[in-house]
2 protein chains.
Amino acid sequence: METRELRYFVAVAEDLHFGRAATRLGMAQPPLSRAISQLERRLGVELFHRTSRAVSLTEAGTVLLREGRAALDAVEAAERRTRRASENPGLVLASKAGAAGEILAKLLDAYAAEPGSVAVDVVLCRVGEQEKLLRDGRADVALLHLPFDSTAGFDVEELSTESQVALFPAGHPLSTRPHLRMSDLAELPLPRWPSADGVYAPGAGPEVHDHTQLLQLITLGRAIAVLPESCRTQLGDDIATVPVLDAPLVTTVIAWPPHSRSRALAGLILAATRL
Amino acid sequence: METRELRYFVAVAEDLHFGRAATRLGMAQPPLSRAISQLERRLGVELFHRTSRAVSLTEAGTVLLREGRAALDAVEAAERRTRRASENPGLVLASKAGAAGEILAKLLDAYAAEPGSVAVDVVLCRVGEQEKLLRDGRADVALLHLPFDSTAGFDVEELSTESQVALFPAGHPLSTRPHLRMSDLAELPLPRWPSADGVYAPGAGPEVHDHTQLLQLITLGRAIAVLPESCRTQLGDDIATVPVLDAPLVTTVIAWPPHSRSRALAGLILAATRL
DNA sequence: CGTTTCCATACCCCCACGGTATCGCTGCCG
DNA sequence: CGGCAGCGATACCGTGGGGGTATGGAAACG
């Protein structure tokens, strides 16, 4: 199977429409239809149920969409990492914008002080995006937060664990309580984060994808959030925090793709575990 | 980057010889040379140092060899799993031949008794081969043994932990001791297992790649081995066992590729954790 | 200095991929 | 009920690129 075929298949599988997929791919519809039929013939597998009115994935097609995306990511990663290996020897670290600020600063300082350390580019990305960056080679290493981010397929080292606090606009009735339980927050407008594929679950709270956005919504009284306690250092006095006793503990981990064990990466991980 | 180009590159990188690589690929040498040059031009990266006498990998080439192999495995996995998804709904479980016999039997029985279970094909493979099978889609799930096998990149659940015993031919002087330490075995012909790439470390002991082979060598007095205690159930009375107090504990885990979460696989994993 | 051993270059051919035109099916609306 | 619009499949054509053979040219070796 060629990556071109995979890209075509994924495009069609994503919008379930040959015409639109073809436009996205910058080609005409007939050769795309043909390419997919050929792929099906070569695999000996039907990938789509087609009526002249609608297209849908078969069982096998669903498998190929999942596995094919992973494969394309791996190919892209190979390409990008090769390019980077030749031009600069630095590392790219991905982290959620607004989260892990303190630990990130300490890590960068500690690593920079090591003998033989290389330049570290920091990519601050939207929630949940780190995994994708790590998988397709745009990043070499990432800071993730359990239990929110998935570490599936990566090697990890735990860095720190902390409890969570609720964030209220100053003056909110609950903000004077010494502590809370999750059940106290059940009826409040908790924000909804996008899942790995960028889709939001249906629900009541506002949709957010980074911390700045969230803090602003809280200040405006449009949202309440539960965040790791370390976020306090970034808050002004227009937001009050209250410990939430039964919120899950948040673990910050450093994660990297399991095979890539360069000297520079090993040094960074070592520096991280020694924090 | 197309998988064809990657396959060409990996072939050349593996034997560092354009002529031989071309033969292996079933093509002539000139088009292969050209394909590699094109790849280098498109990537903007030199992958090989060539003199007209010898070929060697550059830094970037080394990266592409590692990442490219992973990418090719992922593509192959996508293809194989898609094929299998369409023809039969069963699972393929990989396990070392000769190891984990008892736990494997119990697992298969327990899972088969579940409602809605599917057929499970068992692939008994050589030591260290399970990871490759899991990565390239020939298996859906595998039994691995820590700390020997690497679980890098897989999701795992621990199944059992056991201590190790030394195996001697009947009548060996050490076989009557109540217990031993690793240092007692330092001078003895411990066998050498192949690493993930099938290469044996240099050393004194005999090269082995499965348990039958090993047991025969022990019976013949040509080797001594340290194995998990559960192997006792498979031994005849021509082999004696002695506990080794400071040998590392062996953990049997069930491992699977992190994204593939089919209903059938989830059932098997559940059955395994309940053993 | 001839010979051998490699990889690169030159040149040719053909297939496969992409484009345009069109067909055929199906659901919708007047 | 018929015309139409939407969409995928089919037919046919042109070209670029991937593969083949022949050969060049550099380096090691006797």
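Calculation criteria
Residues numbered from 1 in each chain as written. Chains lettered and ligands numbered in written order. Predicted model: local features only at pLDDT ≥ 70, side-chain atom pairs only at ≥ 80, totals over all residues. Heavy atoms only, no water. Contact = heavy atoms within 4.5 Å. Buried area = accessible area lost by both parts, 1.4 Å probe. Salt bridge = Lys/Arg side-chain N within 4 Å of Asp/Glu carboxyl O. Near = heavy atom within 4 Å. Polar contact = N/O pair within 3.5 Å; in protein donor to acceptor, adjacent residues only side chain to side chain. Helix = DSSP H or I, 4+ residues; strand = E, 2+ residues; numbered from the N terminus. Nonpolar A, V, L, I, M, F, W, Y, C, P; charged D, E, K, R; others polar. UniProt positions renumbered as here; feature names shortened; annotations may be inferred. Least-squares fit on C-alpha atoms with pLDDT ≥ 70 in both. Buried < 20%, exposed > 50% of the residue type's maximum accessible area, 1.4 Å probe, protein only. Arc of directions from axis to C-beta. Domains from an automatic or database assignment.

**Regarding the interface of chain B and chain A**
- Counting residues at the interface gives 33 residues for chain B and 33 residues for chain A.
- Both sides of the chain B and chain A interface together cover about 3000 Å² of buried area, and 63% of this is carbon and sulfur.
- Contact with chain A buries surface across chain B, with Met 1, Glu 67 and Thr 82 of chain B losing the most and accounting together for 20% of the total.
- Across the salt bridge formed by Arg 7 of chain A and Glu 2 of chain B, the nearest N and O atoms sit 3.1 Å from each other.

**Concerning the protein's contact with DNA strand C**
- Residues in contact with DNA strand C amount to 22 residues; listed here are only the nearest, Tyr 8, Ala 28 and Arg 34 of chain A together with Ser 33 and Arg 50 of chain B.
- Between a phosphate oxygen of DNA strand C and a main-chain N or O atom of Phe 18 of chain B, the distance comes to 3.0 Å.
- Note that a phosphate oxygen of DNA strand C is positioned 2.3 Å from one of the side-chain N or O atoms of Arg 50 of chain B.
- Of all the secondary-structure elements, those providing two or more residues to the surface near DNA strand C are helix 1 (3-15) and helix 3 (29-43) of chain A together with helix 2 (18-25) and helix 3 (29-43) of chain B.
- Here the surface near DNA strand C is composed, by residue class, of eight nonpolar, eight polar and six charged.

**Details of the UniProt feature "domain: HTH lysR-type" (unreviewed entry) in chain A**
- The positions that UniProt labels "domain: HTH lysR-type" (unreviewed entry) are, in the present scheme, residues 1-58 of chain A.
- Structurally, residues 1-58 of chain A comprises 62% helix and 10% strand, and the distance from its first C-alpha atom to its last is 19 Å.

**Quick look at the relation of the copies chain B and chain A**
- Laying chain B over chain A is done by rotating through 180° and shifting 0.1 Å along the axis; what remains is an RMSD of 0.1 Å. Expressed as an axis order, the relation between the two copies is that of a two-fold axis. When C-alpha positions in chain B are compared against the rotation axis, the closest is assigned to Gly 153 of chain B, at 2.0 Å.
- Most of the interface of chain B is mirrored in chain A, where 100% of its interface residues again form contacts.

**Digging into the protein's contact with DNA strand D**
- The environment of DNA strand D is made up of 21 residues, and the closest members are Ser 33 and Arg 50 of chain A together with Tyr 8, Ala 28 and Arg 34 of chain B.
- At 3.1 Å, a backbone N or O of Phe 18 of chain A approaches a phosphate oxygen of DNA strand D.
- Arg 4 of chain B places a polar side-chain atom, nitrogen or oxygen, 3.5 Å from a sugar or linking oxygen of DNA strand D.
- Taken together, the elements giving at least two residues each to the surface near DNA strand D come down to helix 2 (18-25) and helix 3 of chain A together with helix 1 (3-15) and helix 3 of chain B.
- For the surface near DNA strand D, a count of residues per class yields eight nonpolar, seven polar and six charged.

**Here we look at helix 2 of chain A**
Residues and elements named next belong to chain A.
- Regarding helix 2, the residues found buried are Phe 18, Ala 21 and Ala 22. Seen from one end, helix 2 has its buried residues packed into an arc of 100°, which puts them on one side. Those residues of helix 2 that are exposed and aimed more than 90 degrees away from the buried face are Thr 23 and Arg 24.
- Backbone geometry just after helix 2 places Gly 26 at a positive phi near 70°.

**What to know about the domain arrangement of chain A**
All names here are of chain A.
- Here chain A is partitioned into domain 1 (3-81), domain 2 (88-155 + 251-273) and domain 3 (164-248).
- Using only C-alpha atoms to locate each centre, domain 1 and domain 2 end up separated by 32 Å.
- With six residues of domain 1 at the contact, the number on the domain 2 side is nine residues.
- Three residues, Asp 73, Arg 80 and Arg 81, lead the burial of domain 1 against domain 2; their summed loss comes to 88% of the area buried on that side.
- Counting across the interface, domain 1 meets domain 2 through three salt bridges.
- Close ionic contact of Arg 81 with Asp 140 constitutes a salt bridge, the shortest N to O distance being 3.6 Å.
- Our count for the contact surface shared by domain 1 and domain 2 stands at five residue pairs in polar contact (both at pLDDT 80 or more).
- Residue composition of the side of domain 1 that touches domain 2, by class: two nonpolar, no polar and four charged.

**Observations regarding the environment of Ser 117 of chain B**
All names here are of chain B.
- Tracing the backbone through its elements, the reader meets Ser 117 in the loop between helix 5 (101-113) and strand 4 (120-125).
- The exposure class assigned to Ser 117 is partly exposed, which follows from its relative accessible area of 26%.
- The residues contacting Ser 117, other than those within four sequence positions of it, are Tyr 111 and Ala 112.
- In this structure the side chain of Ser 117 is engaged in a polar contact, spanning 3.4 Å, whose partner is the backbone oxygen of Tyr 111.

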